[in-house]
Amino acid sequence: MRTAYELLPESGKVVALDVDLPVKQAFHILHEQGIPMAPLWDFCKGQFVGVLSALDFILILREIGSHGSNLTEEELETHTISAWKEGKSYLNRQNNGPGAVFPRRFIHAGPYDNLKDIAVKILQNEVSTVPVIHSSSEDGSFPQLLHLASLSGILKCICRYFRHCSSSLPILQLPICAIPVGTWLPKIGESNRRPLAMLRPSASVTSALNLLVQAQVSSIPIVDDNDSLLDIYCRSDITALAKDRAYTHINLDEMTVQQALQLGQDSYNPYELRSQRCQMCLRSDSLHKVMERLANPGVRRLIIVEAGSKRVEGVVSLSDIFKFFLG
């Protein structure tokens, strides 16, 4: 049985944030460290209690931008992560009625959990990463944060295993267009497919953020008038607005996606190569080839494009691959 221990690198660092940190400072840290999320540590409880992610920043910026907001830019200086989380769970209860159960429990894994269970946990809870936490005491006190487990790391382990026996599994040699995996542009006359979210570079950042939240996707292809791929806008790109407090002096309704991506390039961090942002594949590529590409660090999805024109035909993500294999 393969366990979370296999995901642990020989060396590396994991960043955690104190729940009493001001929200503004927390997003500066995410930006400076080049990470899209971090586990939250509650000093009083002596345990990890949740995570702060790029989605939180998106929701905060949307709230600041809404006219009925209780949260101002000045309050971000003092507004703590725990206060934001409490406010968020209150809003969720208001929106979902008294039957809703919030705040959401902290999703984590142990070092001896098997990789399949961790993958299922990630998919069922619709999270991108699960903290791997170990405690040597039975009551769970003095927990140690070992790693952040992701589908990418799990897929890397699977690909290592398949590398020597891929020919014995015919399904791995099939082109991705021949199997039910990914989100594709609907064909003419098809109405039952989930629409593929795409934006022009002239679209406002507000419309991009709204689409990321409403379509429940982690990225949106940015295309020209011929639907040819230019770039991609991801949830994690929002942390670029933490640089020089950019979010305090820009209007998200007026700022275009192109300008926001340029800001991201200017503040580029060494942890993510620009070329890894916009990874592409063809509909004729085999499932095995797509899996190998998705197992590379920092690659969370491949944009399926038409050869030559780079016209977007679909998107295949890490979660698509795991949903296909786990049914």
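Now for a look at the structure at hand. Just so it is clear, the structure is predicted and the values come from calculations on it, not from any experiment. (Residues numbered from 1 in each chain as written. Predicted model: local features only at pLDDT ≥ 70, side-chain atom pairs only at ≥ 80, totals over all residues. Heavy atoms only, no water.)

### Regarding the sheet that holds strand β6 (residues 183-184)
Strand pairing in a sheet takes place through backbone hydrogen bonds and is either antiparallel or parallel in direction.
Move 1: Taken together, the four strands give an open sheet; going across it, the order is β6-β11-β10-β9, and neighbouring strands pair in mixed fashion. Because the sheet does not close on itself, it has two edges, and the strands there are β6 and β9 (280-281).
Move 2: In this sheet, strand β10 (residues 301-305) lies alongside β9 in parallel orientation, the contact comprising two bridges. What sits directly across from M280, in β10, is I303.
Move 3: Seen against the sheet, helix α9 (residues 287-294) touches β9, β10 and β11 (312-317) and runs at an angle of roughly 135° to β10. (Pairing = 2+ DSSP bridges. Helix = DSSP H or I, 4+ residues; strand = E, 2+ residues; numbered from the N terminus. Contact = heavy atoms within 4.5 Å. Axes fitted to C-alpha atoms, helices over the stretch in contact; angles between N-to-C directions.)

### A few points about the pairing of strand β3 (residues 47-53)
Move 1: In this structure, strand β2 (residues 37-42) lies alongside β3, joined through six bridges in antiparallel fashion. The residue of β3 that forms the bridge with L40 is G50.
Move 2: Between the end of β2 and the start of β3, which pair antiparallel, lie four residues, with G46 showing a positive phi angle near 65°.

### Digging into the sheet that holds strand β1 (residues 17-18)
Move 1: Strand order in the open sheet formed by three strands is β1-β2-β3, and the pairing between neighbours is mixed. Sheet topology places β1 and β3 at the edges, where each strand pairs with a single neighbour.
Move 2: Inspection of the sheet shows β1 paired to β2 by two bridges, in the parallel sense. Paired with L17 across the two strands is L40, which belongs to β2.
Move 3: Contacts from helix α1 (residues 23-33) reach β1, β2 and β3 within the one sheet, and its direction differs from that of β3 by about 75°.

### Looking at the pairing of strand β4 (residues 129-134)
Put simply, side chains in a regular strand alternate between the two faces of the sheet.
Move 1: Burial of β4 is extensive: five of the six residues sit out of reach of the surface.
Move 2: Bridge count for β4 against strand β5 (residues 144-150) is six bridges, and the pairing is antiparallel. Bridging from a neighbouring strand, H134 pairs with Q144 of β5. (Buried < 20%, exposed > 50% of the residue type's maximum accessible area, 1.4 Å probe, protein only.)

### Thoughts on the side chain of N114
Move 1: Relative to the assigned elements, N114 resides in the loop between α3 (81-96) and α4 (115-124).
Move 2: Polar contacts involving the side chain of N114 include one to the main-chain amide nitrogen of D117, which spans 2.9 Å. (Polar contact = N/O pair within 3.5 Å; in protein donor to acceptor, adjacent residues only side chain to side chain.)

### What about the packing of helix α5 (residues 151-162) against α9?
Move 1: α9 packs onto α5 with a crossing angle of 130° between their chain directions and a minimal axis gap of 8 Å. Taken together, α5 and α9 sit at an angle that is classed as oblique. Like other packed secondary-structure pairs, α5 and α9 cross with a definite hand, here left-handed. From α5, S152, L155, I158, C159 and F162 reach across to α9, where they touch H288, M291, E292 and L294.
Move 2: A per-class count over the contact of α5 with α9 returns six nonpolar, two polar and one charged. (Parallel < 35°, antiparallel > 145°, perpendicular 65-115°, else oblique. Left-handed = near helix turned anticlockwise from the far one by under 90°. Nonpolar A, V, L, I, M, F, W, Y, C, P; charged D, E, K, R; others polar.)

### Brief notes about the side chain of S204
Move 1: When you line up the elements, S204 lands in the loop between β6 and α6 (205-214).
Move 2: Look past the residues within four positions of S204 in its chain and what remains in contact with it is L252, D253, M255, T256 and V257.

### Regarding the packing of aromatic side chains
Move 1: Overall, the coordinates contain four aromatic pairs when judged by the stated rule.
Move 2: Their ring planes at 65° and their centres at 4.9 Å tell us that W41 and F48 sit as a pair that is edge-to-face.
Move 3: Accessibility expressed as a relative area gives 23% for W41, which makes it partly exposed.
Move 4: Its relative accessible area of 11% is what places F48 among the buried residues.
Move 5: When the centroid spacing of 5.3 Å and the interplanar angle of 65° are considered together, the rings of F324 and F325 count as edge-to-face.
Move 6: F324 gets classed as partly exposed once you look at its relative accessible area, which sits at 22%. (Phe/Tyr/Trp six-rings, centres within 6.5 Å; stacked < 30°, edge-to-face > 60°.)

### A closer look at the pattern of salt bridges
Move 1: The tally for this structure, following the rule as stated, stands at seven salt bridges.
Move 2: We note a salt bridge from E6 to R2, for which the minimum N-O separation is 3.3 Å.
Move 3: The exposure class assigned to E6 is partly exposed, which follows from its relative accessible area of 33%.
Move 4: Assessed through its relative accessible area of 42%, R2 is described here as partly exposed.
Move 5: Note that K289 is salt-bridged to D285, the shortest N-O span being 3.5 Å.
Move 6: On the basis of relative accessible area, K289 is assigned to the partly exposed category, the value being 43%.
Move 7: Shared partners join several salt bridges into a network, and the residues in it are R200, D225 and D227. (Salt bridge = Lys/Arg side-chain N within 4 Å of Asp/Glu carboxyl O.)

### Points about α5
Move 1: For α5, with twelve residues, the first-to-last C-alpha span of 16 Å sits near the 16 Å given by 1.5 Å per residue.
Move 2: Those residues of α5 that sit buried are L151, S152, I154, L155, C157, C159 and F162.
Move 3: As for α5, its buried residues are in contact with α4, β5, α9 and α10 (318-326). (Expected span 1.5 Å × (residues − 1).)

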